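Remarks on the overall topology
The lines below spell out each chain.
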Amino acid sequence: MKITVIGGGPGGLYSALLTKKARPDWEVEVFERNQADDTFGFGVVFSDETLDQFLSRDKPVFDRIKDEFAYWDDVAVHFKGQEMRCAGNGFCGTSRQTLLTILQDRCIELGVKMEFGVDIKPEDLKTRFADSDVIIAGDGINSAIREHYKEGFQPSTTWKSNRFCWMGSTRQMGEFNYFFRETEHGQVVAHCYQYEKEHSTWVFEMDEATWQGHGFEEFDEEGSKAKLEEIFAEDLQDHPLLLNRSNWRNFPRVFCENWYVDNIVILGDAKASAHFSIGSGTKLAMECAIALSDALLEHAESDVQTAFKAYDDARRTPCQIIQHNADVSLSWFEHMNRSWDMDPYQFAMVVMCRAKSITYDNLIVRDPEFVRKADDEWYARHLSETGEDLTQTRPTPMFSRFKLRDMEVMNRVVMSPMAQYSCDKDGNPTDWLKVHYCSHATGGMGLIYTEMTCPSADARITEGCPGMWTDEHENRWKDIVGFIHENSGAKVAMQIGHAGRKGSTQLGWEKMDHPIEDANANWPLVSASPIPWFEGESQVPQELDRAGMDRIREDFVQATKRAARAGFDMIELHCAHGYLLGSFLSPLTNLRSDDYGGSLENRLRYPLEVFSAMRAVWPTARPMAVRVSGTDWKEGGLTEAELIGISEAFRDAGCDLIDVSAGQTIPDQEPVYGRMFQAHLAEAVRNVPKIASMAVGAITEAAQVNTILHTRRADLVAIGRPHMWNPFFTHQAAAWYGAVNKRAWAKQYESGAMQAFREAEKNREKMLDLQRKAAPGRHIRTS
């Protein structure tokens, strides 16, 4: 077997030496366009987990690397004249050149052939290396091989908006530092860490407007150095900045659909880039190098395509997770000005939790004193804003009260609207719905939502969806609301919506979104524009005319009046997920050329008309919410600027809360899933127009709830599927955090509550004891 590596970066060298170590009989060669001792950049960062992998793979490399590393445990955030430290982070750094030298030396020991100063043209690969069984393309983030074979690799590169440059300094430091500075032109941050004795890396980052305002120039290294030394003079402590090709750049976010073409396989930044703010570029390259070497060795007797597929299978998901975390982190730095009005410890919490991989509970394990100080600040702010004093009970933000008009919820947990498809064909709530809502309400959440309830028969999604257009509907809902109010501390919200073009479909566990099988059972549909959900299969809706608008508006008004009489504490107008009002808002589903299409102002016109008519008849003391899709997950769909514009328009019309969901506007959406994957949309609404918002979407743990609230991503947190299998999610969390609230427990369950708190306390002690035994004297990493 002959393996040729193009690119002598850490990933390429590590893959070469691991393969050669395992198979000395194989011919392994590396070609690098730069010289062996050329220095680019300053330091690289690894977590302690990555070091463990090095130890298990090649002890000589591990032994040499560990002796060269600068280690740190703390992350220090410097903001508004204060330093906030969080311990327990377990990272290390070293000089990039030192790392390359160690890997080069090990390659020489193992017999890997290396040539430096050789520029390989991608068009020459197949001829020059015709005898190579495998060609590894590790030629960096600007990979010429990737671009030459782009039809096969199918790469996409997105240039991000912030400007950044890498410099060094002689200032020593014993921690990772974030220095945030306010300047006359905007905010600037320096990401800093020591990588060897008397040398530290400084990565400076700012948005385009700030960069332009300061008059930075892309290739003026000396001029940039002078300006940055002035801005960060206090932080540099009289030490100079050092230059090494320290030009200003925008970060390229690289993603490849395919990782191999013929006998060429891609590695490192050439394959996928991860923003430097999570320090994972070199980590990704070396971990992928391990997987590639493993795959080649394991499938040595098969064709190389089998080995490449095994490599892809092993690393695709971990890479995408890291890249997603990096994307989220990058996005926060692009919008760090949105958090600038925060108090210091809240800001530091945001910095620590920005990528969503670290949660409130993780931080308690890493550094309980840091969390205690952040909580103290949060409780003081909450007392100032609401008058509720939590400084003695310390229940965590999740169990603080929240008020909208005269409705006050006892905690921030919301049971999200979840379709049950279990009404009778007249839209009446059945015993299933009564048991579902009434039993869940005893689970301790502050607010419980009904599923989308429809103001007319032809507004339903399915024949199993609930209605609010008859006296019978009103009476049955009143019975449910009355039970909840009598037997729990929960408030109740009715979500009211019209299905639009997504109506007249089968039940959720049948063929979802497809027309009812019995053609005679289907009813006519309307929408903003005559676009069927499934082309050629779904019914083509009629474009809603003015007479239809008037009728449907009045349907919503009568449903609102009934909800008020039934005792609901809040109502929510559903303007998301491609239903009728959402289809007006999205440019993908609103193709009208009249006053209700085109500009955002026009697309808002009818949804606002409906909302205003409902607000006019809904009691002034009770709040109203609106659910919106923050994005359509599709090119050409709703933008963040439009989300903010929509939220501001509804706020000005009397809306108290924006419930921010996403997508489901079109069938071919392209969502980006992950933990708390829609929280950034609620965060934009909360921090730009500063409107009360509710986060929803893949929120599964109490730790995530506290993280969202602590970092001001939202004011309320809606949880859906976890409530399906655990109605007592909130009670369980209350026991875990020791948040006692007798009003939250039904009196019939009080003895169970006492046991829950006792058992939770025992489990906390067991967990802490296990952690102490697992790693005495050091902090425990949990993510």
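The preceding data block contains the structure.
This text gives an overview of the structure that appears in the document. (Residues numbered from 1 in each chain as written. Predicted model: local features only at pLDDT ≥ 70, side-chain atom pairs only at ≥ 80, totals over all residues. Heavy atoms only, no water.)

1. What about the packing of helix α17 (residues 471-487) against helix α18 (residues 546-566)?
To keep things clear, this is the line we draw: With axes taken as lines fitted to C-alpha atoms, and helix axes fitted only over the stretch in contact, angles between N-to-C directions fall between 0 and 180 degrees. By the criteria applied, helices consist of DSSP H or I runs no shorter than four residues and strands consist of E runs no shorter than two, each listed in order from the N terminus. Handedness of a crossing follows from how the near helix is turned relative to the far one, being left-handed for an anticlockwise turn of less than a right angle and right-handed for a clockwise one. The contact rule is simple, with two residues in contact once any of their heavy atoms fall within 4.5 Å. In the scheme used here, Gly and all other residues not listed as nonpolar or charged are polar, with Ala, Val, Leu, Ile, Met, Phe, Trp, Tyr, Cys and Pro taken as nonpolar and Asp, Glu, Lys and Arg as charged.
Orientation of α17 relative to α18, taken along the N-to-C sense of each, is 35°, at an axis distance of 8 Å. Every pair of crossing elements has a handedness; the one defined by α17 and α18 is right-handed. Here Asp471, Glu474, Trp477, Lys478 and Val481 of α17 lie close against α18, whose contacting residues are Arg562, Arg565 and Ala566. Of the residues belonging to the contact of α17 with α18, the class tally is three nonpolar, no polar and five charged.

2. A look at the packing of aromatic side chains
Selection rule: What counts as a ring pair is set by centres within 6.5 Å for rings of Phe, Tyr and Trp (its six-membered ring), and what kind of pair is set by the plane angle: stacked under 30 degrees, edge-to-face over 60, tilted for all other angles. Each residue is placed in one exposure class: buried if its accessible area under a 1.4 Å probe, protein chains only, is under 20% of its type's maximum, exposed if it is over 50%, and partly exposed if it falls in between.
Overall, the coordinates contain 42 aromatic pairs when judged by the stated rule. Between phenylalanine 179 and tryptophan 202 the ring centres are 5.4 Å apart and the planes differ by 10°, which places this aromatic pair in the stacked class. Separated by 23 residues along the polypeptide, phenylalanine 179 in strand β11 (residues 176-183) and tryptophan 202 in strand β13 (residues 199-206) bring together distant segments of the chain. We classify phenylalanine 179 as buried; its relative accessible area is 2%. Between tyrosine 437 and tryptophan 477 the ring centres are 5.9 Å apart and the planes differ by 55°, which places this aromatic pair in the tilted class.

3. Section: the sheet that holds strand β4 (residues 70-72)
Convention followed: The rule for pairing is simple: two strands pair if DSSP sees at least two bridges between them.
Strand order in this open sheet of three strands is β3-β7-β4, and the pairing throughout is antiparallel. Looking at strand neighbours, the two that pair on one side only are β3 (43-47) and β4, the edges of this open sheet. Taking each pair of neighbouring strands and ignoring which way they run, the sheet shows an average axis angle of 25°. Where β4 lies against strand β7 (residues 91-95), three bridges are found, and the strand directions are antiparallel. In the sheet register, tyrosine 71 faces β7, and the bridge partner there is cysteine 92. Most of the contacts of helix α2 (residues 48-57) go to β3, to which it runs at about 85°, and overall it touches β3, β4 and β7.

4. Topic: empty space enclosed by the protein
The condition that has to hold: Note on definitions: the grid is 1 Å and covers protein atoms alone; a cavity is a set of points where a 1.4 Å probe fits but cannot get out; a pocket is an open set with protein on both sides within 12 Å along at least five of seven lines; lining residues have an atom within 4 Å of a point. Grid points are joined across faces, edges and corners, and a volume is the space filled by probe spheres set on the points.
All chains considered together, the criterion is met by seven cavities of 30 Å³ or more. Each pocket or cavity is described by its volume, and for the largest cavity that value is around 90 Å³. For the largest cavity, the lining is made up of 13 residues, of which Gly503, Thr505, Leu525, Ser538 and Gln539 are closest to its centre. In terms of residue class, the lining of the largest cavity is made up of three nonpolar, seven polar and three charged.

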